[in-house]
Amino acid sequence: MDFRITLRYGGSRQRYHTFVVSGADAPAALRRAADEVPAEIAADVDLVELRIAVDPEARSYLGEDT
């Protein structure tokens, strides 16, 4: 399963870094994400968000015929 990871960093000037990892479940995805945090922002990260990554091709939108 693919998960989208969003990292917030930068203190009072908040910035975000987003990437996708694969894992069997959330704990596995978080372990993989920890290995992929860029070294230059690692010390400044104050929030990590994990969500199931949505496949834009499979996603339906309001008003579309299903």
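Each value, and the rule that gives it
- Residues numbered from 1 in each chain as written.
- Predicted model: local features only at pLDDT ≥ 70, side-chain atom pairs only at ≥ 80, totals over all residues.
- Heavy atoms only, no water.
- Helix = DSSP H or I, 4+ residues; strand = E, 2+ residues; numbered from the N terminus.
- Buried < 20%, exposed > 50% of the residue type's maximum accessible area, 1.4 Å probe, protein only.
- Contact = heavy atoms within 4.5 Å.
- Areas by Shrake-Rupley, 256 points an atom, 1.4 Å probe, with all protein chains shown as cover.
- Core = buried A, V, L, I, M, F, W, Y, C linked by side-chain atoms within 4.5 Å.

Enquirer: Help me out: how do you make sense of the overall build of the chain in this one?
Expert: The helix and strand tally for the chain stands at one helix and three strands. Overall, the chain shows an N-to-C arrangement of helices and strands of β-β-α-β. Every one of the 66 residues in the chain was classed for burial, and the buried ones make up 18%. By sequence separation, contacts in the chain at least 24 residues apart represent 46% of the contacts at least 6 residues apart. Accessible surface, the chain: about 5,200 Å² in total, of which carbon and sulfur atoms supply 48%.

Enquirer: Hey, could you run me through the nonpolar core in this one?
Expert: When a protein is soluble and globular, its nonpolar side chains tend to lie buried together. The biggest cluster of nonpolar side chains holds nine residues, and these are Phe-3, Ile-5, Leu-7, Tyr-9, Phe-19, Val-21, Ala-29, Ala-33 and Ile-41. Among the elements that take part in this core, strand β1 (residues 2-9) stands out by supplying four residues, more than any other. If we ignore the near neighbours within four places in the chain, the residues touching Val-21 are Met-1, Asp-2, Phe-3, Ile-5, Ala-29, Arg-32, Ala-33 and Glu-36.

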